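A look at the structure
So you can see what is in the structure, the chains are spelled out below.
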2 protein chains.
Amino acid sequence: MEYQERIDHLQRRLRRAGIDALLVARPENRRYLSGYGGGDHGIEESSGVLLLPARGQLRLLTDFRFQLQAQREVPWAEVELYPKGLIALLATLLPKLGVKRLAFESRYTLHATAARMEKTLGAKGVELVAVRPWLEEMRAVKSEEEIALIRRAVRLNEEVFQEIHAAIGSFSSEIEVSLAVEAAMRRRGAAGPSFATIVASGDNAALPHAVPSASPLLPHRPLTIDMGLILDGYCSDMTRTFVIGEADERYIQLHRVVRRAMLAGMAAIRPGVPCREVDRAARRVIADTGYGDCFGHSLGHGVGLAVHEEPRLSSRNRRVLKAGMVVTVEPGIYVPGWGGIRLENMVVVRPDGCEDLNRDTTWLDL
Amino acid sequence: MEYQERIDHLQRRLRRAGIDALLVARPENRRYLSGYGGGDHGIEESSGVLLLPARGQLRLLTDFRFQLQAQREVPWAEVELYPKGLIALLATLLPKLGVKRLAFESRYTLHATAARMEKTLGAKGVELVAVRPWLEEMRAVKSEEEIALIRRAVRLNEEVFQEIHAAIGSFSSEIEVSLAVEAAMRRRGAAGPSFATIVASGDNAALPHAVPSASPLLPHRPLTIDMGLILDGYCSDMTRTFVIGEADERYIQLHRVVRRAMLAGMAAIRPGVPCREVDRAARRVIADTGYGDCFGHSLGHGVGLAVHEEPRLSSRNRRVLKAGMVVTVEPGIYVPGWGGIRLENMVVVRPDGCEDLNRDTTWLDL
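Residues numbered from 1 in each chain as written. Chains lettered and ligands numbered in written order. Predicted model: local features only at pLDDT ≥ 70, side-chain atom pairs only at ≥ 80, totals over all residues. Heavy atoms only, no water.

**Re the overall build of chain A**
When its secondary structure is counted, chain A shows ten helices and 19 strands. For chain A, the C-alpha radius of gyration of 23 Å lies close to 21 Å, the compact-globule estimate for 366 residues. Reported as C-alpha extents along the three principal axes, the dimensions of chain A are approximately 70 × 40 × 35 Å. Looking at chain A as a whole, 59% of its 366 residues are labelled buried. Restricting to contacts in chain A with at least 6 residues of sequence separation, those with at least 24 account for 68%. (Helix = DSSP H or I, 4+ residues; strand = E, 2+ residues; numbered from the N terminus. Rg over C-alpha atoms; globule rule 2.2 N^0.38 Å. Buried < 20%, exposed > 50% of the residue type's maximum accessible area, 1.4 Å probe, protein only. Contact = heavy atoms within 4.5 Å.)

**Some thoughts on unusual backbone geometry**
Residue Glu 310 of chain A is joined to Pro 311 of chain A through a cis peptide bond whose omega torsion reads -5°. Residue placement: Pro 311 of chain A occurs in strand β14 (residues 309-313). For Asp 232 of chain A, which is not glycine, the phi torsion reads 50° and is therefore positive. Locating Asp 232 of chain A in the fold gives a position in the loop between β10 (229-231) and β11 (234-235). The phi dihedral of His 220 of chain B falls on the positive side, at around 65°, and the residue is not glycine. Mapping His 220 of chain B onto the fold places it in the loop between β8 (198-201) and β9 (222-227).

**A short note on the domain arrangement of chain A**
Many analyses report the size of an interface as the accessible area lost when the parts associate. Residues and elements named next belong to chain A. Under the domain assignment used here, chain A contains domain 1 (3-139) and domain 2 (141-364). Taken together, the contact pairs seven residues of domain 1 with ten residues of domain 2. When the area that domain 1 buries against domain 2 is broken down by residue, the three leading residues are Glu 28, Arg 31 and Arg 139, summing to 57%. Between domain 1 and domain 2 we count two salt bridges in total. Arg 139 is paired through a salt bridge with Glu 309; the nearest N and O atoms lie 2.7 Å apart. (Domains from an automatic or database assignment. Buried area = accessible area lost by both parts, 1.4 Å probe. Salt bridge = Lys/Arg side-chain N within 4 Å of Asp/Glu carboxyl O.)

**A word on the sheet that holds strand β1 (residues 21-24) of chain B**
All names here are of chain B. Read across the open sheet, the six strands follow the order β4-β3-β2-β1-β5-β6; overall the sheet is mixed. Edge positions in the sheet fall to β4 (78-81) and β6 (127-130), since each of these pairs with one other strand and no more. Mean inter-strand twist for the sheet, computed between neighbouring axes without regard to direction, equals 25°. Sheet topology note: the β1/strand β5 (residues 101-104) ladder contains two bridges and is parallel. Looking across to β5, one finds that Ala 21 is bridged to Leu 102. Packing against the sheet, helix α2 (residues 27-34) makes contact with β1 and β2 (49-53), and its axis sits at approximately 50° to β2. (Pairing = 2+ DSSP bridges. Axes fitted to C-alpha atoms, helices over the stretch in contact; angles between N-to-C directions.)

**Examining the pattern of salt bridges**
Considering all chains together, one arrives at 54 salt bridges over all chains under this definition. Residues Arg 188 of chain A and Glu 159 of chain A are paired through a salt bridge, measuring 2.9 Å at the closest nitrogen-oxygen approach. Residue Arg 188 of chain A is located in the loop between α8 (174-187) and β7 (192-193), and its partner Glu 159 of chain A is located in helix α7 (residues 144-166); the two are separated by 29 residues in the primary sequence. Owing to a relative accessible area of 38%, Glu 159 of chain A belongs among the partly exposed residues under this scheme. Lys 142 of chain B serves as the salt-bridge partner of Glu 309 of chain B, at 2.5 Å between the closest nitrogen and oxygen. Linking Glu 309 of chain B in strand β14 (residues 309-313) with Lys 142 of chain B in the loop between α6 (134-140) and α7 (144-166), this pair joins segments that are 167 residues apart in sequence. With respect to class, Glu 309 of chain B is no different from Lys 142 of chain B; both count as buried. The network of salt bridges with shared partners includes Glu 144, Arg 151, Arg 350 and Glu 355 of chain A.

**Overview of empty space enclosed by the protein**
All names here are of chain A. Summed over all chains, the structure comprises one cavity of 30 Å³ or more. Space inside the largest cavity adds up to approximately 30 Å³. Lining the largest cavity are Ile 198, Ala 200, Ala 205, Leu 207, Pro 208, Ala 210, Thr 224, Tyr 334 and Arg 342. Residues belonging to the lining of the largest cavity are distributed by class as follows: seven nonpolar, one polar and one charged. (1 Å grid on protein atoms, 1.4 Å probe; cavity = no way out; pocket = protein on both sides within 12 Å on 5 of 7 lines; lining within 4 Å. Points joined across faces, edges and corners; volume = space filled by probe spheres on them. Nonpolar A, V, L, I, M, F, W, Y, C, P; charged D, E, K, R; others polar.)

**Details of the packing of helix α9 (residues 249-268) of chain A against helix α10 (residues 275-288) of chain A**
Residues and elements named next belong to chain A. Put simply, α9 and α10 touch, their axes get as near as 8 Å, and they point 155° apart. On the basis of their axis angle, the class for α9 and α10 is roughly antiparallel. Relative to α10, α9 is oriented so that their crossing is right-handed. Contacts between α9 and α10 pair Val 257, Arg 260, Ala 261, Ala 264, Gly 265 and Ala 268 from the former with Val 278, Ala 281, Ala 282, Val 285 and Ile 286 from the latter. Partitioned by chemical class, the residues of the contact of α9 with α10 number nine nonpolar, one polar and one charged. (Parallel < 35°, antiparallel > 145°, perpendicular 65-115°, else oblique. Left-handed = near helix turned anticlockwise from the far one by under 90°.)

**Some words on the side chain of Ser 106 of chain B**
In this structure, Ser 106 of chain B sits in the loop between β5 and α5 (111-122). Given the relative accessible area of 10%, Ser 106 of chain B is considered buried. Engagement of the side chain of Ser 106 of chain B in a polar contact is seen with the side chain of His 111 of chain A, the distance being 2.9 Å. When residues no more than four places from it in sequence are discounted, the contact partners of Ser 106 of chain B are Leu 110, His 111 and Ala 112 of chain A together with Ala 130 of chain B. (Polar contact = N/O pair within 3.5 Å; in protein donor to acceptor, adjacent residues only side chain to side chain.)

Laid out in C-alpha cells, this is it:
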C-alpha cells in the first residue's frame, strides 16, 4: 500500500500549516496511513493512536493489549505503550519531540478528551489545533489499487448474497437469514460484516434500519436484505428487495419506481456535480409518482475503509464529486403497514460518468 | 422498568444545578431513561437523542429512519424529527421551551459537535454546560430488577458456552467456533453478542484481544473463549480458557495461578473498597509467581446496558465500590509464543462481599 506516499503528502500539509504533529485516532485513518488494523470498541476504547510529526518517523501509541499486533502490522513505525494513558504519554513525549502545535481530529475526539488534552498539554506549552478533516478528504478519492480492493469486497458480497438468495426458501426466519449471510462472509474470507446485516420481511421492510427478528419470511411480501462485508480492510454495501413467490401489482410498480430512481441517480453522477444534485435526480423520480414522503433518507454515502464515509449524497451537501470517489446509490420507498423497497449498488466516479461496481442483476428481475 | 423514577431523580438534579434541560446522546443512557433501543452506527451516526427538561415531558429527537421504532418503544414521549439535523431543530426548539442552560454529555459528544452547538445555540442565547456523567453514575449501581435481567444474560451466555464446549472437538477453526457461538446466542433469543467473540488457540491466546482466525484449534494448547451477549438490553461477559486433550504441567500451573488471582479479586470486593485495591489483590497473586509483566490489562469493568461501563477495576481508579454494582473479574497471563490464560466471571457487589453471577464450573476443572 501507498503508506509512505500518503504520509509524505500529509507531512507537507502539516508543514505548510505550521503544525508540528498530527494525532490520528480514527481507526480508518490509522489504517490508511499505516496499515494498523487494531479494532476499537467504540470511540471510548481505542486500540491506539498515530502520532505523525511534520518531519520524521511515524509513531504508534497503544497499550499492552495491542502491542504484539501493532509491532507485527507496522514494523516500520516506533510502537510506544501508554500504561498511564495516552495523555500522560503525550505530556512527556511531545516536549521531547519539540512539538508546540499539535493538530487533533476534532470530529473524532470527545469534548471531554479535548478539554483534558488542552489542560494537561497546555501546561507543557503545547497548543492544540482543530484542523480540517484532511485524512477523510484524502480517503474520499480512491486510488486504482484501493478501487481494486473495493471491487473484490463488492464481488464477495454478491457471491454471498447469491448463495443466500438461491436458498431463500429454506430459511425459517429473518434471524436465520442474517446468521447464514454473516457465516458465509466469514467462511469466504471476509473479516466480518461491515454493519449489522438487515433482513426485513413484510411490515419490517418499512423500517429502513430494521433489526432481524424471529419472524418467518412472508411469501408475496417485500423482503429487504441490506448487507456488506469487510475484506482486507475495505467495505462493501448492497441492498436488494425481492419477493418470495409471486409479487403483486403494487410491489412491481413500486419496485420499478425505485429502480428508475437508482438509475437516475447513477446517470447524474460525474466529476464536478454537487452531491445534492445526485440526490435530487433520484428523489425527483420518486416524488413524481407521489411517494416523495416515503423516501426520508439520503440517497447514498461514500464507502472505503469505512462503510459510511465522505462524500454523502444528501440534499444538503453542496460539495462536488471527484473522479475516484466511491459511493452507494440507494433510494427507497417505505410504506408503514405494507413494507418497503430499497435497492443499492456501489459506483466509482469516473471522468465521464460512473462505473457500477455491482454485477448482480436480481434488482432488474421485475 | 423504573423510567419515571429515574427521570424524576435526574430532573431534581437538573433543577438543583440550575440547568434547564439535558441532552442525552449515549445509546445506553437513552435506553436507561426511556427504553428506546435504537442502534447507533458509532458516535457519528446517531439514532436519536433525548431532551430531558428540568420540568415537564421527555422528548425523543430522531430522524425519519427511526421514527416508527421511536414511537413504538417510547409511546409516552413526544417524538420529533430533525430533517435538517439535530442542531437546527434545537435552535428552534430550545427557545420555545425557554431553555437557557443546556447540559450535554461531554464524554459522549464530539469536540466538533460541541463547537457547532456552542456557536449555533449560543447565538440563540443558550449556554452549554458540561456536567458530571450523572447517568453513568446512576447506571453503575443496579436495582434488583436490573440484576435479575443481568443474571438472565449471564445464564444464557453460559448455556451457549456449555453447548459449544461440549462439542469443541467438532470445530475446524477459531472462526467456526465464533460463528457457532454467535448463532447459538441469536437462536436462544439474544439480540446478539455484546462484543466480537474472541476465540484464540495456541499462540493467538497470547493476544488479549485476538481476532478469530481460520487456524484450527490446537490440541494440548490453551484455547481462550471470551464471549458475551445482549438479552433484553443487558449484557453478559465471560471468559474461559481450557485445553483440548491433555494439559501439560506448565498450563496447569498457570491456570491455577490465574484462578487464584480471580478468587483473590473476588474476595477483595465489598462496598467501600477502592476499585484499585481489588485490582491490586488479584495482581499480587500473579506478581508473586513471577508473571506480573504478563498481566498488562485491568482486572475488570462494570457491566450493564453497556458491556464496558463504570466502575473500572483498574490500578488507577480510587473510587469505591457500592452495593449493587456489577463487575467482571478477569485476570490473565499472556506469554508471547506460548499462549495465554484468562478467566472471567461477573459478580454483584453485596453488603458484605460479592455474589458470583456465574454457575459454569469449567474454570475449576484443573
